[in-house]
Amino acid sequence: MKGICILGATGSIGVSTLDVVARHPDQYRVVALTANGNIDVLYQQCVAHRPEYAVVATESKAEEFKQRIAASPVADIKVLAGAEALAEVATLENVDAVMAAIVGAAGLLPTLAAAKAGKTVLLANKEALVMSGQIFMQAVSASGAVLLPIDSEHNAIFQCMPAGYTPGHTAKQARRILLTASGGPFRKTPLELLPDMTPDQAVAHPKWDMGRKISVDSATMMNKGLELIEACLLFNMDPDQIQVVIHPQSIIHSMVDYVDGSVLAQMGNPDMRTPIAHAMAWPERFDSGVAPLDIFEVGHMDFEKPDLQRFPCLRLAYEAIKAGGIMPTVLNAANEIAVEAFLNEEVKFTDIAIIIERSMAQFKSDNADSLELVLQADSQARQVAQSVIEGLAA
Ligand code: NAD
Ligand code: MG
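As the structure is a computational prediction, the values presented were derived from the model and not from experiment.

Conventions and cut-offs
Residues numbered from 1 in each chain as written. Chains lettered and ligands numbered in written order. Predicted model: local features only at pLDDT ≥ 70, side-chain atom pairs only at ≥ 80, totals over all residues. Pairing = 2+ DSSP bridges. Helix = DSSP H or I, 4+ residues; strand = E, 2+ residues; numbered from the N terminus. Axes fitted to C-alpha atoms, helices over the stretch in contact; angles between N-to-C directions. Contact = placed C-beta atoms within 7 Å. Core = buried A, V, L, I, M, F, W, Y, C linked by C-beta atoms within 7 Å. Buried ≥ 20, exposed ≤ 12 C-beta atoms within 10 Å, placed from the backbone. UniProt positions renumbered as here; feature names shortened; annotations may be inferred.

### Regarding the sheet that holds strand β11 (residues 263-267)
One open sheet accounts for four strands, arranged β9-β8-β10-β11; its pairing is mixed. Whereas interior strands pair on both sides, the edge strands pair on one side only; in this sheet they are β9 (242-246) and β11. Across the sheet, the axes of successive neighbouring strands diverge by a mean angle of 20 degrees, strand direction being ignored. Where helix α7 (residues 152-160) meets the sheet, it contacts β8 (174-181), β10 (252-258) and β11, and its direction lies at approximately 40 degrees from that of β10.

Here you go:
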């Protein structure tokens, strides 16, 4: 029986994780659930899954939540408040696996704490890895933590790696990764219409049902840019060994090209419960609740080269990983600020890439050898991106 802590339980990945957990009560027990401020969903999850701990990261919402739990049939759940409690529950003695499913940089410290504590880290929170890079990978190898990718592409790549392979190592006979992308909702939108695309249009993803931030990232293809950096770190590859492939049907979730010419692909319906169940059961397998793939309904599959003019964010991600140092941190931070401004209707869709590019131009690829330097670059890049936004409005 394994104890699991779900960071970001109320989000899209968190909900899918609890769905998988509920299918395997003989193998997993929920030790802790965390949310930012969505206390209604967290409350329902507490009643259904009876964790030992529940964390509300937004302190102003925690008191109301505590009172609700105290007056409920699950009054024995310990309620903690604030960002520091996230790392506390991620490192509890009886937690074996931590699902890192907080969105954005807010997930870094608890995810890193889990890695340092030697937990099995089920990594959905790609921003945490992109911003901290080698620091995160070194924490994993130093503690002996097991790092398993949840991002569907990286989970697919992991499944296509040689037997016995674990992330962080080099698979010598694998010469290339083909990282698939759906192309998002604006793959065919006329370029001149892109500036007018609204947040609602951007989050209406054709294949995946996800949180708002990652949905916008999919529309700009920054999601693929972050995943490119994620793949370089997880699989120890150079950016030139990774080819992004637009595959609109989202049936192949990525491929690995071997020196003998074999190309291995992992396929399945686009449902995150498959990679979640794969990582939770690894090295075994168990049921995820996902329907079997109907290959006849799929019928055919298409593959296209990404257009970097349409998707400048993908170009910026290649530039950031090639420059190295703090540049991936800067890219990620500027993107988080730009996406938030877009979702608040303060900037246009096409401003997102402009904000990131102008922000990156104000940094040099200084070293990112300590967590302190990473956090400093993250906070400076947020300020710079904010001032770029103010400049656009002026
Ligand atoms: P979401 O917006 O649906 O959920 C985010 C979760 O994080 C919520 O539980 C929220 O309460 C919590 N959270 C947000 N800000 C927080 C903060 N400041 N402090 C503490 N908790 C906070 O997002 P999602 O779609 O579930 O994505 C989660 C992560 O997984 C992202 O990093 C995303 O890139 C990655 N991911 C998601 C999918 C997907 O299909 N949704 C696929 C691959 C990777
Ligand atoms: Mg993905």
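### Details of the nonpolar core
Counting 127 residues, the largest nonpolar core has V98, A100, L122, A317, A334 and A338 as the members making the most contacts within it. When residues of this core are assigned to their parent elements, the largest contribution, 10 residues, is made by helix α14 (residues 327-343). Contacts of V98, omitting those with residues within four sequence positions, involve C5, L7, A90, A114, K119, V121 and L122.

### Thoughts on the UniProt feature "binding site: Mn(2+)" (unreviewed entry) in the protein chain
Within this numbering scheme, the UniProt entry marks D151, E153 and E227 as carrying the feature "binding site: Mn(2+)" (unreviewed entry). These annotated residues cover 77 residues of sequence, and their C-alpha atoms all fall within 8.3 Å of one another, placing them together at a single site. Look past the residues within four positions of E153 in its chain and what remains in contact with it is L179, T180, E227, H253 and S254. Locating E227 in the fold gives a position in helix α10 (residues 222-235). E227 gets classed as buried once you count the C-beta atoms within 10 Å, which come to 29. For E227, the residues in contact, after removing those within four places along its chain, are K126, D151, E153 and L179.

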